[in-house]
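Residue-level structure breakdown
Below are the chains, spelled out letter by letter.
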Amino acid sequence: MLSHQVADAGLGIARDLSTRPFVTWDEALDTLASTARNQPLLLVLDEFPELVDSEPALPDILRAFWDRAQPRADLRVLLCGPAVRAMFDM
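Summary of the structure given here.

The rules behind these values
Think of each chain on its own: its residues are numbered from 1, step by step along the sequence as written. In keeping with the model being predicted, local features are shown solely for residues with a pLDDT of at least 70 and side-chain atom pairs are shown and tallied solely at 80 or more, while totals for entire chains, interfaces and linings include all residues. As a convention, hydrogens and water are excluded, and side-chain values are obtained from all of the structure's heavy atoms. Helical segments are the DSSP runs of H or I of at least four residues, strand segments are the runs of E of at least two, and each set is numbered from the N terminus. Each patch is built from residues lacking any salt bridge and having more than 30% relative accessible area; the joining distance is 9 Å for like charges and 5 Å for nonpolar side chains (Val, Leu, Ile, Met, Phe, Trp, Tyr). All accessibility values rest on the Shrake-Rupley procedure with a 1.4 Å probe; residue burial counts only the protein chains present in the view. Within this document, salt bridges are pairs made up of a side-chain nitrogen of Lys or Arg and a carboxyl oxygen of Asp or Glu, the two lying within 4 Å of each other. Throughout, exposure labels follow a simple rule: accessible area from a 1.4 Å probe, protein chains only, divided by the maximum for the residue type, with under 20% read as buried, over 50% as exposed, and the rest as partly exposed. In what follows, residue pairs with any heavy atoms lying within 4.5 Å of each other are defined as contacts. One fewer than the residue count of a helix, multiplied by 1.5 Å, yields its expected span. Arc, as used here, means the arc of the directions from the helix axis to the C-beta atoms.

**So, unusual backbone geometry**
Positive phi, normally seen in glycine, also occurs at Glu47, with a value near 55°. Looking at the secondary structure, you find Glu47 in the loop between strand S1 (41-45) and helix H3 (48-54).

Written as structure tokens, this is what we have:
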């Protein structure tokens, strides 16, 4: 799904995401960070608690990505989801 959304956004990514979609979160985040070196970019991850349910390591993946990519890329990541549910999941 993320691959389709990125492809539809027309960000000028050289890779054909319809035939070679992202396989890992690291791959997707690194590609978006590379794109954000040339233009500011906002990545919105809606229903974040649902994403964590399907990929429990996602918070750690995001934290590691942020540590290595933040100084070089103008990428912002917005995490969204039902606040009540997120509070109970903590």
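**Digging into a nonpolar patch on the surface**
Together, Leu42, Val44 and Leu78 line one region of the surface with nonpolar side chains, adding up to about 270 Å² of accessible area. With respect to the helices, strands and loops of the structure, Val44 is situated in strand S1.

**Some remarks on the side chain of Thr35**
Considering the arrangement of structural elements, one finds Thr35 in helix H2 (residues 25-35). A residue is classified by how much of its surface remains accessible, and Thr35, at 11% relative accessible area, is buried. When residues no more than four places from it in sequence are discounted, the contact partners of Thr35 are Leu11, Ile13 and Leu41.

**A word on helix H4 (residues 58-69)**
When the terminal C-alpha atoms of H4 are compared, their 16 Å separation across 12 residues agrees well with the 16 Å that a helix rising 1.5 Å per residue should span. Leu58, Ile61, Leu62, Phe65 and Ala69 are the residues of H4 that are buried. What you see down the axis of H4 is that its buried residues fit within an arc of 95°, all on one side. With respect to the buried face of H4, the exposed residues turned more than 90 degrees away are Arg63 and Asp67. Residues of H4 that are buried make contact with H2, S1, H3 and strand S2 (75-79).

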